[in-house]
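The chain contents come next:
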Amino acid sequence: GSTIGVLYLSANLSSVYDTTNESKVIFLQAMFIALLITAILSFFITSSITAPINDLTEKAEKMAFGDFSQEIRGKSNDEIGRLADMFNILRRELNYNINEISNEKSKLETILKYMADGLIAVDLSGEIIHINEAARTLLELSDEETADLDFSAVLRRLGKKDITDGIRHITSSETMNEVINYRSRILSVRYARFMADDDNDIGVIMLIQDITEGQKLEKMQTDFVANVSHELRTPLTTIRSYTETLLDGGVEDEETRKNFLTVIDDETERMARL
């Protein structure tokens, strides 16, 4: 059991290291090729997913600026394809509704522009939402005055107290009417509330109508009726008094009777001419 010497062995491992190095190179090359293939596949897969989304985003952005001619063509039946279909339906509905609103707005603007009565729309804070050309003409407003106009200024111009704080009081009733002498005109002013779809008050509409000519015609009619009544009453009074005298036998003289009948005949002819 005693040690009598040492045995020392040696071998050349160059071939082993060469094989290991070649294996490393092959592994690295394989890994690089695998990563390249993975990157290419990922690019195509990602493009197939993100391209429709990018297209959808781009066309939605154009829609936000009012271009509703966009349409997305779905290339698949997956979630993205269904999203594209929903987008197209939404686009068509929005385009239809906006066209309808635009047509109604155009008709309303035309009506307000050419209507003879003045119209001023005011919100609950007293800011003027809309004033048509007829209202500007009736109130004799220039462009500069219109630009700085609010409800308080309109009321002051009409010689009224500021009732801006009472706008909600106006909206608590259906309508308010009044007649105002404005310079050389007589104006009929009507306040009416207007509400949103949820029945909440939005503000007040002020309708201004020039009734100057109507008032003149009404006065002329009243004067005419009064004059005609007076002109008719005078001969009727004469005829009645003369007839009563004749019927009572108060006139025995034939000449006087003839004179009375002549007066009655003359007054009758006067009434016929009237």
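A short tour of the structure in this document, coming up. Just so it is clear, the model here is predicted, and its values are computed rather than measured.

## Quick look at unusual backbone geometry
(1) Moving on: We note that Glu140 has phi near 55°; this positive angle belongs to a residue other than glycine.
(2) Moving on: By the element assignment, Glu140 lies in the loop between α3 (133–138) and α4 (143–147).
(3) Moving on: Residue class for Glu140 comes out partly exposed when judged on its relative accessible area of 37%.

## Concerning the nonpolar core
(1) Moving on: Ile120, Leu158 and Met206 are the most contacted members of the largest nonpolar core, which has 21 residues in total.
(2) Moving on: If you list the elements that add at least two residues to this core, you get β1 (118–123), α3, α5 (151–157), β3 (175–182), β4 (185–195) and β5 (201–210).
(3) Moving on: Per-element accounting of this core gives the leading share, four residues, to α5.
(4) Moving on: Those residues in contact with Leu158 that lie beyond four places of it in its chain are Leu139, Ile180, Tyr182, Leu187 and Met206.
(5) Moving on: By size, the runner-up hydrophobic cluster in this structure holds six residues, among which are Met63, Phe68, Ile72 and Phe87.

## Observations regarding the packing of aromatic side chains
(1) Moving on: According to the stated counting rule, one finds two aromatic pairs in the structure shown.
(2) Moving on: Arranged with centres 5.7 Å apart and planes meeting at 75°, the rings of Phe43 and Phe44 form a pair that is edge-to-face. Pair check on accessibility: Phe43 and Phe44 agree, each one exposed.
(3) Moving on: Centre to centre, the rings of Tyr242 and Phe260 are 4.4 Å apart; their planes meet at 35°, and the pair counts as tilted. In this pair, Tyr242 sits in helix α7 (residues 212–247) while Phe260 sits in helix α8 (residues 254–273), placing the two residues 18 residues apart along the sequence.
(4) Moving on: A relative accessible area of 25% means that Tyr242 is categorised as partly exposed.

## Things to note about the pattern of salt bridges
(1) Moving on: Counted under the stated rule, the structure contains 14 salt bridges.
(2) Moving on: For Lys107, the salt bridge identified is with Glu104, shortest N-O distance 3.1 Å. Within this pair, Lys107 and its partner Glu104 are both found in helix α2 (residues 79–114), separated by three residues, close to a single helical turn.
(3) Moving on: Put simply, Arg185 and Asp210 hold a salt bridge, and the shortest N to O gap is 3.4 Å. With a gap of 25 residues between them, Arg185 in strand β4 and Asp210 in strand β5 connect regions that are remote in the sequence.
(4) Moving on: For Asp210, a relative accessible area of 36% translates into the label partly exposed.
(5) Moving on: Within this structure, Glu140, Arg183, Arg185 and Asp210 form a network of salt bridges that share partners.

## A short note on the environment of Met271
(1) Moving on: As for its placement among the helices and strands, Met271 is situated in helix α8.
(2) Moving on: On the basis of relative accessible area, Met271 is assigned to the partly exposed category, the value being 25%.
(3) Moving on: For the pair Met271 and Arg233, spaced 38 residues apart in sequence, the C-alpha to C-alpha distance is 9.7 Å.
(4) Moving on: With sequence-adjacent residues up to four places away left out, Met271 is seen in contact with Pro235, Leu236 and Ile239.

Conventions we followed
Residues numbered from 1 in each chain as written. Predicted model: local features only at pLDDT ≥ 70, side-chain atom pairs only at ≥ 80, totals over all residues. Heavy atoms only, no water. Helix = DSSP H or I, 4+ residues; strand = E, 2+ residues; numbered from the N terminus. Buried < 20%, exposed > 50% of the residue type's maximum accessible area, 1.4 Å probe, protein only. Core = buried A, V, L, I, M, F, W, Y, C linked by side-chain atoms within 4.5 Å. Contact = heavy atoms within 4.5 Å. Phe/Tyr/Trp six-rings, centres within 6.5 Å; stacked < 30°, edge-to-face > 60°. Salt bridge = Lys/Arg side-chain N within 4 Å of Asp/Glu carboxyl O.

That is the geometry; function is a separate question.
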